[in-house]
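Chain by chain, the residues:
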Amino acid sequence: MGLSRSEQMARIKGKHTSPELRLRSALWRAGIRYRVHARTPVGRPDIVLPSRKLAIFIDGCFWHGCPKHYVRPRTRKEFWEEKLLANISRDRQQTLQLETLGWRVIRVWEHKVFESLDDVVFYIKNVLPGNGTESTDEWRVERVDVVDAGLDIERRVMVDLRNPEKRYSIDSRRITAKWKLPANVGSVGRKSRKQKKLTRALGC
Ligand SMILES: [Zn+2]
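Just so it is clear, the model here is predicted, and its values are computed rather than measured.

## A look at the overall build of the protein
Along the protein, the regular secondary structure elements total 6 helices and 7 strands. Mapped from its N terminus to its C terminus, the protein presents α and β elements in the order α-α-β-β-β-α-β-α-α-β-β-β-α. Within the protein, the proportion of its 204 residues that are buried is 23%. At a minimum sequence separation of 6, the contacts of the protein that also span at least 24 residues come to 57%.

And the structure:
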């Protein structure tokens, strides 16, 4: 499916990525009203529900170290290691700072937006204000080392999003899994005229 000019521009700018649009559109259909990149005390999360003090981030599987889909690049090891560490530490700071200020933070993996969008929407819908203490383990790949180059075995070091002391490692064949697009994903980009108008009005 071709992209409209504004969608192309959005991609180039990198601000309105497609998992983000997909989640926003699903939230809108579910009757959840939000602001896009609205200012909070700690930066501008992807989706913000100011009245509920809820911040939602959509984290790309590669850039943020998804346990299932982070793929260790074969070249420029140090460059990618630093990049990943920097991203995880920024995610941690944003999350903890917002939570300290009484905000709820939901970080959604990019693959979940494609593979189980309904569950994500259900979860967001049912996160109530005041339940801020519940904390789930949110593992991220912090680094990947080569254990046996010949056999392509790697060691993935996992770290908890909130608590860097919590970590474990796992050895396996180099993981190159990609998230799968459901068959019907192409229809998501098509919006009705009314939806387009609403989207424009929201500044999406
Ligand atoms: Zn993933």
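Next comes the rest of the account.
## Quick notes on unusual backbone geometry
Backbone geometry at H37 places phi at a positive 50°, although glycine is not the residue there. With respect to the helices and strands, the residue H37 is situated in the loop between β1 (35–36) and β2 (47–49). Positive phi, normally seen in glycine, also occurs at R76, with a value near 50°. Along the polypeptide, R76 turns up in the loop between β3 (54–59) and α3 (77–100).

## What to know about the nonpolar core
Ranked by internal contacts, the top residues of the largest apolar core, which has 25 residues, are L23, A55, I56, V108, V113 and V120. Top contributing element to this core by residue count: β3, with 4 residues. V108 has contacts with L23, I56, F57, I58, D59, V113 and V120, leaving out every residue within four places of it along the chain.

## Here we look at the sheet that holds β1
If you walk across this open sheet you meet the 4 strands as β1-β2-β3-β4, and the pairing is mixed. Only two strands of the sheet have a single neighbouring strand rather than two, namely β1 and β4 (104–109). When β2 meets β3, the two strands line up antiparallel, connected through 3 bridges. For L49, the partnering residue across the bridge sits in β3 and is L54.

## Topic: helix α5 (residues 117–126)
Residues spaced three or four apart along an α-helix face the same direction, because each turn holds 3.6 residues. Listing the buried residues of α5 in full gives L117, V120 and I124. Across the axial projection of α5, the buried residues extend over an arc of 60°, all falling on one side. Those residues of α5 that are exposed and aimed more than 90 degrees away from the buried face are D118, D119, F122, K125 and N126. Structurally, α5 contributes buried residues whose contacts are with α2 (18–29), β3, β4 and α4 (110–115).

## A closer look at α3
Helix length check: α3, at 24 residues, gives a terminal C-alpha distance of 34 Å against a target of 34 Å (1.5 Å per residue), a fit within 8%. Where the residues of α3 are buried, they touch β3, β4, β5 (139–148) and β6 (153–160). Phi for G102, located one or two positions after α3, is positive at around 90°.

## Section: the pairing of β5
Judged from the 8 bridges that link them, β5 and β6 form a sheet pairing that is antiparallel. Of the residues in β6, the one forming a bridge with D145 is R155.

## A short note on the sheet that holds strand β7 (residues 167–173)
The strand order across the open sheet built from 3 strands is β5-β6-β7, with neighbouring strands paired in antiparallel fashion. Each of the sheet's edge strands pairs with one partner strand only, and the pair in question is β5 and β7. Within this sheet the neighbouring strands show an average axis-to-axis angle of 25°, counted without direction. The strands touched by α3 are β5 and β6; relative to β5, the strand with the most contacts, the crossing angle is about 160°.

Rules and cut-offs
Residues numbered from 1 in each chain as written. Predicted model: local features only at pLDDT ≥ 70, side-chain atom pairs only at ≥ 80, totals over all residues. Helix = DSSP H or I, 4+ residues; strand = E, 2+ residues; numbered from the N terminus. Buried ≥ 20, exposed ≤ 12 C-beta atoms within 10 Å, placed from the backbone. Contact = placed C-beta atoms within 7 Å. Core = buried A, V, L, I, M, F, W, Y, C linked by C-beta atoms within 7 Å. Pairing = 2+ DSSP bridges. Arc of directions from axis to C-beta. Expected span 1.5 Å × (residues − 1). Axes fitted to C-alpha atoms, helices over the stretch in contact; angles between N-to-C directions.

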